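# Commentary on secondary and tertiary structure
The residues making up each chain are set out below.
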Amino acid sequence: MATVELKKLTKSFGKTEVLHGIDLMVEDGEFVVFVGPSGCGKSTTLRLLAGLDEVTSGQILIGGEVVNNLAPKERNIAMVFQNYAIYPHMTVRKNIGFGLRTAKMPKADKEKRIDEVAEILGMTDLLERRPAQLSGGQRQRVAIGRAMVRNPSVFLFDEPLSNLDAQLRTQMRLEIKKLHQDVGTTIIFVTHDQVEAMTLADRIVIMKDGHIQQVGTPSDVFQNPANMFVAQFIGAPSMNMLEGTVIDEGIQLGAGPVIAHKNQFPVDKITVGIRPSALVPATGGAPTLMAGTIAIVEPLGAESLAYVDINGTMVIATVSGRTPPIVGDVLPLTCPPEDIHFFDTASGKALS
Amino acid sequence: MNFYRNLSIKQKQVVWAWSFLAIPVLFYTVIRFYPTFGAVVLSFQEWNLLSDKSWVGLENYQKLFSDPVFWKVFKNTFVYLLIGTPLSLVISFAIAYHLDKVTFMHATIRALYFLPFMTSAVAMAWLWRWFYQPVPIGLFNNILASIGIPQLPFLNSTFSALPSILAPAVWAGLGFQIIIFMAGLRSIPTSYYEAAEIDGVGSWTVLREITIPLLKPTIVFLVVFSSIGFLRIFDQVFNMTTNDPGGPLNSTKPLVLMIYDTAFNAFDMGYAAAQTVVLFTILLIVSLVQLFIMRERKYD
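Residues numbered from 1 in each chain as written. Chains lettered and ligands numbered in written order. Predicted model: local features only at pLDDT ≥ 70, side-chain atom pairs only at ≥ 80, totals over all residues. Heavy atoms only, no water.

### Comments concerning the sheet that holds strand β7 (residues 154-158) of chain A
Residues and elements named next belong to chain A. How we decide: Paired strands, in this sense, are two strands between which DSSP finds at least two bridges. A run of H or I in DSSP becomes a helix once it reaches four residues, and a run of E becomes a strand once it reaches two; helices and strands are each numbered from the N terminus. Each axis is a line fitted through C-alpha atoms, and for a helix only the stretch in contact is used; angles between axes span 0 to 180 degrees, taken between their N-to-C directions.
Reading across from one edge, β6-β7-β8-β3-β9-β10 is the order of the six strands in this open sheet, with mixed pairing throughout. If you trace the sheet from one side to the other, it starts and ends with β6 (77-80) and β10 (211-216), each paired once. Averaged over neighbouring strand pairs, the angle between their axes works out to 15 degrees when direction is ignored. Of the pairings in the sheet, the one linking strand β9 (residues 203-208) to β10 comprises five bridges and is antiparallel in character. Within β10, the residue paired with V205 across the bridge is V215.

### Things to note about the environment of T77(B)
All names here are of chain B. Under the convention used in this document: Pairs of residues are marked as contacts when any of their non-hydrogen atoms sit within 4.5 Å.
As for its position among the elements, T77 is in helix α4 (residues 68-99). Each C-alpha atom, one on T77 and one on V256, is 8.8 Å from the other, the two residues being 179 residues apart in sequence. If near-sequence neighbours (up to four positions away) are discounted, T77 is found in contact with L231, P254 and L255.

### Side note on the packing of helix α5 (residues 106-118) of chain B against helix α8 (residues 161-186) of chain B
Residue and element names in this part refer to chain B. Worth spelling out the cut-off: To sort the angles, those under 35 degrees are grouped as roughly parallel, those over 145 as roughly antiparallel, those from 65 to 115 as roughly perpendicular, and the leftovers as oblique. Left-handed describes a crossing in which the near helix is turned anticlockwise from the far one by less than a right angle; the clockwise case is right-handed.
Interhelical geometry of α5 versus α8 gives an angle of 135 degrees and a closest axis separation of 5 Å. In terms of orientation, α5 lies oblique with respect to α8. Between α5 and α8 lies a crossing whose hand is left-handed. Contact residues: H106, R110, Y113, F114, P116 and F117 in α5; W171, A172, G175, F176, I178, I179, M182 and R186 in α8.

### Structural notes on the domain arrangement of chain A
Residue and element names in this part refer to chain A. This is how the line gets drawn: Domain borders in the structure are assigned automatically or taken from a domain database. Defined in terms of a 1.4 Å probe, buried area is the accessible area two parts forfeit on being brought together, summed over both.
Domain annotation of chain A identifies domain 1 (4-233) and domain 2 (240-351). Here the C-alpha centroids of domain 1 and domain 2 sit 38 Å apart. Taken together, the nine residues of domain 1 in the interface contact nine residues of domain 2. Carbon and sulfur atoms supply 63% of the area buried between domain 1 and domain 2, which totals about 760 Å² over both sides. When residues of domain 1 are sorted by the area they lose upon contact with domain 2, F222, M228 and A231 head the list and together hold 59% of the total.

### As for the layout of surface pockets
All names here are of chain B. To keep it simple, the criterion reads: Here a cavity is any set of points on a 1 Å grid over the protein atoms alone where a 1.4 Å probe fits but cannot get out, and a pocket is any open set with protein on both sides within 12 Å along at least 5 of 7 lines; a residue lines the site when it has an atom within 4 Å of a point. Grid points are joined across faces, edges and corners, and a volume is the space filled by probe spheres set on the points. Following the grouping adopted for this structure description, the nonpolar residues are Ala, Val, Leu, Ile, Met, Phe, Trp, Tyr, Cys and Pro, the charged ones are Asp, Glu, Lys and Arg, and the polar ones are all others, Gly among them.
Size it by volume and the largest pocket reaches roughly 670 Å³. Lining of the largest pocket is provided by 18 residues; of these, R32, T36, R232, F280 and L283 occupy positions nearest its centre. Of all the elements in the fold, those that place two or more residues in the lining of the largest pocket are α2 (9-42) and α14 (269-293). When its residues are assigned to classes, the lining of the largest pocket shows 13 nonpolar, three polar and two charged.

### So, the pattern of salt bridges
Under the convention used in this document: Each salt bridge in this description consists of a side-chain nitrogen of Lys or Arg and a carboxyl oxygen of Asp or Glu lying within 4 Å of one another. Here the term buried applies to any residue with accessible area under 20% of the maximum for its type, exposed to any over 50%, and partly exposed to those in between, with areas from a 1.4 Å probe on protein chains only.
Under the criterion given, the structure shown has 19 salt bridges over all chains. We note a salt bridge from D199(B) to R146(A), for which the minimum N-O separation is 3.8 Å. Residue D199(B) is found in the loop between α9 (190-198) and α10 (203-214), and its partner R146(A) is found in helix α4 (residues 136-148); the two belong to separate chains. Residue classification places R146(A) among the buried residues on the basis of a relative accessible area of 3%.

### Observations concerning the pairing of strand β20 (residues 340-344) of chain A
All names here are of chain A. Of all five residues making up β20, five are buried, and the element is well covered by its neighbours. Burial of the side chains of β20 extends over both faces: I340, F342 and D344 are buried on one face and H341 and F343 on the other. Examined bridge by bridge, β20 and strand β21 (residues 350-351) share two bridges and lie antiparallel to one another. Residue pairing in the sheet places F343 in a bridge with A350 of β21. Counting the residues that bridge the hairpin from β20 to β21 gives five residues, and of these G348 lies at a positive phi of roughly 80 degrees.

### What about a nonpolar patch on the surface?
Residues and elements named next belong to chain B. This is how the line gets drawn: Within the patch definition used here, like charges are joined within 9 Å and nonpolar side chains (Val, Leu, Ile, Met, Phe, Trp, Tyr) within 5 Å, considering only residues with over 30% relative accessible area and no salt bridge. Here the Shrake-Rupley method, with its probe set to 1.4 Å, supplies the accessible areas, and only the displayed protein chains count as covering residues.
On the surface, L127, W130, I137, L139, I143, I147 and I149 cluster together to form a nonpolar patch covering roughly 640 Å² of accessible area. Mapped by element, the contributors of at least two residues to the nonpolar patch are α6 (121-131) and α7 (139-146). With respect to the secondary-structure elements, I137 resides in the loop between α6 and α7. Using a relative accessible area of 48% as the deciding quantity, one classes I137 as partly exposed.

### As for the packing of aromatic side chains
For the record, the criterion: Aromatic pairs are defined between Phe, Tyr and Trp rings, using the six-membered ring for Trp, whenever the two ring centres lie within 6.5 Å; interplanar angles under 30 degrees are classed as stacked, those over 60 as edge-to-face, and all others as tilted. Over a ring means this: the NZ of a Lys or the CZ of an Arg is within 6 Å of the ring centre and within 35 degrees of the ring normal.
Tallied over the full model, the rule gives 36 aromatic pairs over all chains. Centroid distance F155(A) to F157(A): 6.0 Å. Interplanar angle 45 degrees. Geometry classified as tilted. F157(A) shares its class with F155(A); the two are buried. Between F74(B) and F78(B), the ring centres sit 5.1 Å apart and the planes meet at 45 degrees, which makes this aromatic pair tilted. With F74(B) and F78(B) both in helix α4 and four residues apart, this pair spans about one turn of that helix. Through successive ring pairs, a cluster of aromatic residues spans W128(B), W130(B), F131(B), Y132(B), F140(B), F154(B) and W171(B). We note R275(A) situated over the ring of F222(A); from NZ or CZ to the ring centre the distance is 4.0 Å. The residue whose ring lies beneath R129(B) is W126(B), and the NZ or CZ to ring-centre distance is 4.4 Å.

### Considerations on empty space enclosed by the protein
Scanning the entire structure with this criterion turns up one cavity of 30 Å³ or more. Along its surface, the largest cavity is lined by A78(A), M79(A), F81(A), R146(A), A147(A), R150(A), A195(B), I198(B) and D199(B). Every element with two or more residues in the lining of the largest cavity is listed here: β6 and α4 of chain A together with α9 of chain B. Broken down by class, the residue content of the lining of the largest cavity amounts to six nonpolar, no polar and three charged.

### A closer look at the sheet that holds strand β11 (residues 240-247) of chain A
Working definition: the strands of a sheet are paired by backbone hydrogen bonds and lie parallel or antiparallel to each other. Residue and element names in this part refer to chain A. Ordered by their spatial adjacency, six strands build an open sheet running β13-β12-β11-β14-β20-β21, and the pairing between neighbours is antiparallel. Unpaired on one side and paired on the other, β13 (258-260) and β21 mark the two borders of the sheet. Two elements, strand β12 (residues 250-253) and β13, share three bridges in a ladder whose sense is antiparallel. If you follow I251 over to β13, its bridge partner there is I259.

See the structure below:
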């Protein structure tokens, strides 16, 4: 159990700087997920934390102690890799026990510890098997077991669910979350999947191009995205972004409609963001925000997504799954005022 | 054509497979199996290339097993094998293991190691033969003399002749073995090593418990390949001891050289064929035993 702190962390490979001064405080027992597109620096950050790569400048503190120059084993961390990194020629028991090799404890205690971990992960029956005889989910569990066996103060997960099929991924996600609730160890988890990030995290760290874009709870980053990147990265389908200009009545969208807004904006060019889930057909006297022709309907079961053509600009709206409108219909759309986001078009920053 | 049309998909595949297999099958039958079979038959006959072949039963084999030269040669062949194979594997692994970590001029260094493998064995043998000459010609003796150590007889002593021939043979095979080892090392995912690093396991344990077990398929291949090579050693011996083929008192003579001598100097074809059959049997047994001992467990 420990806190993790990053102070002005940078990393360069040769002349290319890939992390540009990251600051972050992870509380003891917190589940923090790093999310971002590939090449954003999330895995690099994790490898720096693990001690697999060397820090270029800045500091990493684990449990309040600067660990920049400590070897991985001295940091008391454990890591689960994307390809599991479990050894094909060893049994599950040997794989899990591998992390205890250097531990100074009697053999009987080591065996006991392995059995405990296997018990927690529900793999007692599989201990004598080899990885080739296990399913993907079971292999992942072995990898987690090997990480758990040493009682590390921090768990690092590097895209551990990417190699699993969709159904198994959902199941393992749940197991990891449950595991965290049971053992309460600090977890830092890297993924490119925003759904994984939303479902698992106490706090999400959204990264892009070696910078942290926003740190916050899942609902925080969903409801109050700090900038256009976060707004579009979190949530699926992506937030509708409509460029416009400030006029007296509010914002004149390039697509035609005017969004009424009372506040003063510091800039002229505004991008209006509305999540597809908030953009719904205007019924029962709700004021029409915009209207357009339906171009495509994608049924998802409980609801359908309608791609609506508003004077040449396509927006995605959520419509009924039971009685979806028909392609070619003109659909008036509305959105609650609190679900309309405003961004500075030039800088991409959110405006209140 | 109608007949082909009416075949099931499976049957069509079989027709195609056999059409393509026909050429290698023919090749192996005519070029490999028929002569092998012929050699076995010949080993029970007496023939000097000109005379008629006459049946002699097991006489050739009886003669062989009571021939002290054969047992000397038999021992030499196994000395080549038992020293050459482990030695060349250990050296090539050590080089590959470290070369794998070198990034500076990696390709060039690798090419340099590979160079001997591409060089003609005859040219190499003659070069090494020159190295082994006494002062003032030989390189090694010149070096020894310059630092005040007495000259060594190398190829001229019954004790040192065999190792002197083994050295270039090992050296010549290194390049190939290094390349194969490096390919094997490269195929081990780096995350295996990183996981071990995080677990704090020492590099010796990593080598013993991760690298070597995962290299087992590579090692099996190289052991079999190199064993067959050493059991069939000929070029180096023949070229380095041309004036006295087989070295002083047959001290370097391997089985293949004995076969060559019997066949093309003594023209005792039946006797040579019997030796060939013995060599073939040895190769077969050694290969099978190695494959059995180091049989690979199926991972993944």
